[in-house]
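Below, each chain spelled out in residue letters.
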Amino acid sequence: MSQQSTARFLYHLTMNRSRPMIKAMYGADWWNKFKALSAEKFGQLIAEFPDIGDSMFAFNYCYAPGYVAWYTSMEKLGLEPHERDVLMLRMNEKMLLTVPKPLLHAVGKVYYRNMSKGAKRRMENPPASIHPFDWKMMYSEDDGDNFRIDITACGFIAYAKKYGSEGMLPGICQVDYMISHYMNVGFERTQTLGAGGSCCDGCYHINGHCDFDIEQRLAEKK
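First, a word on scope: everything that follows refers to the structure included in this document. Keep in mind it's a predicted model, so treat the numbers as computed, not measured.

Points about the pattern of salt bridges
Item 1. Evaluated as defined, the whole model comprises 9 salt bridges.
Item 2. The closest approach of N and O atoms between Lys 33 and Asp 29, which form a salt bridge, is 3.3 Å. Of this pair, Lys 33 and Asp 29 both sit in helix 2 (residues 28-47), separated by 4 residues, roughly a single helical turn.
Item 3. One salt bridge in this structure joins Arg 113 and Asp 145, with 2.8 Å as the shortest N-O distance. Taken together, the residues Arg 113 in helix 6 (residues 101-124) and Asp 145 in the loop between strand 1 (136-143) and strand 2 (146-153) connect sequence positions 32 residues apart.

Rendered as structure tokens:
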């Protein structure tokens, strides 16, 4: 599946999964306006959505046009910044939980071990060139179950800046904790690029655990 097709799939899956929740929170009229604004913006973005090539971050990148479409639509509809952050995270949670929680637990360790292997390969064989919407990173490991990925340039930030939606950062960065929580893997960091840090210093623990509470994460924003 192409990156453009993947982005379309993720957009429509998340909208379908989030519809009942958003209607319950804001009403059917608000949902209809949000759906129309998001569809218009997403259509504009996906029409010029570039492929970033064979990157370990390609799947992450495919969320970018949906994120921008949703965030800018929420802003137009008058949601305050905190409300936008909360709704963006709840929409991500609805999409993620398309997969049953037991299955997420079951595949979590495999997923993160593959991430570690992919990051190690990228460090050992760095790409000849990196697309402006790709990520730059450093990798280190203590052992097979504990590793660190420092993100030194973020594709989401570059994409958000181009389309005037930097406000979605660092709120949307908290998805990293959400995914680790539901996949039952430990994750922690002290800073993010989105909050003005020098890097996103993510530490992963295959046999750990990650608590996740939306309000706590948005209060800390790291």
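A short note on the packing of aromatic side chains
Item 1. With the rule as written, the count across this model stands at 23 aromatic pairs.
Item 2. Ring centres 4.0 Å apart and planes at 10° place the aromatic pair Tyr 11 and Phe 42 in the stacked group. Note that Tyr 11 is positioned in helix 1 (residues 3-26) and Phe 42 in helix 2, a separation of 31 residues in sequence. For the pair Tyr 11 and Phe 42, one class covers both residues: buried.
Item 3. Consider the rings of Trp 31 and Phe 34, whose centres lie 6.2 Å apart with planes at 50°: the pair is tilted. Within this pair, Trp 31 and its partner Phe 34 are both found in helix 2, separated by 3 residues, close to a single helical turn. Neither residue differs from the other here; Trp 31 and Phe 34 are each classed as buried.

Some points on the side chain of Ser 180
Item 1. Mapped onto the secondary structure, Ser 180 falls in helix 8 (residues 175-182).
Item 2. Ser 180 sits in the buried class, given a relative accessible area of 0%.
Item 3. Once residues within four sequence positions are removed from consideration, Ser 180 is found in contact with Tyr 112, Val 185, Phe 187 and Cys 210.

Focus on the pairing of strand 2
Item 1. Where strand 1 lies against strand 2, 7 bridges are found, and the strand directions are antiparallel. Bridge assignment links Asp 143 to a residue of strand 2, and that residue is Asn 146.
Item 2. Where strand 1 hands over to strand 2, the hairpin turn is made up of 2 residues, counted between the paired strands.
Item 3. Pairing analysis gives 6 bridges linking strand 2 to strand 4 (residues 200-205), with the strands arranged antiparallel. Bridge pairing in strand 4 links Ile 149 to Gly 202.

What counts and what doesn't
- Residues numbered from 1 in each chain as written.
- Predicted model: local features only at pLDDT ≥ 70, side-chain atom pairs only at ≥ 80, totals over all residues.
- Heavy atoms only, no water.
- Salt bridge = Lys/Arg side-chain N within 4 Å of Asp/Glu carboxyl O.
- Helix = DSSP H or I, 4+ residues; strand = E, 2+ residues; numbered from the N terminus.
- Phe/Tyr/Trp six-rings, centres within 6.5 Å; stacked < 30°, edge-to-face > 60°.
- Buried < 20%, exposed > 50% of the residue type's maximum accessible area, 1.4 Å probe, protein only.
- Contact = heavy atoms within 4.5 Å.
- Pairing = 2+ DSSP bridges.

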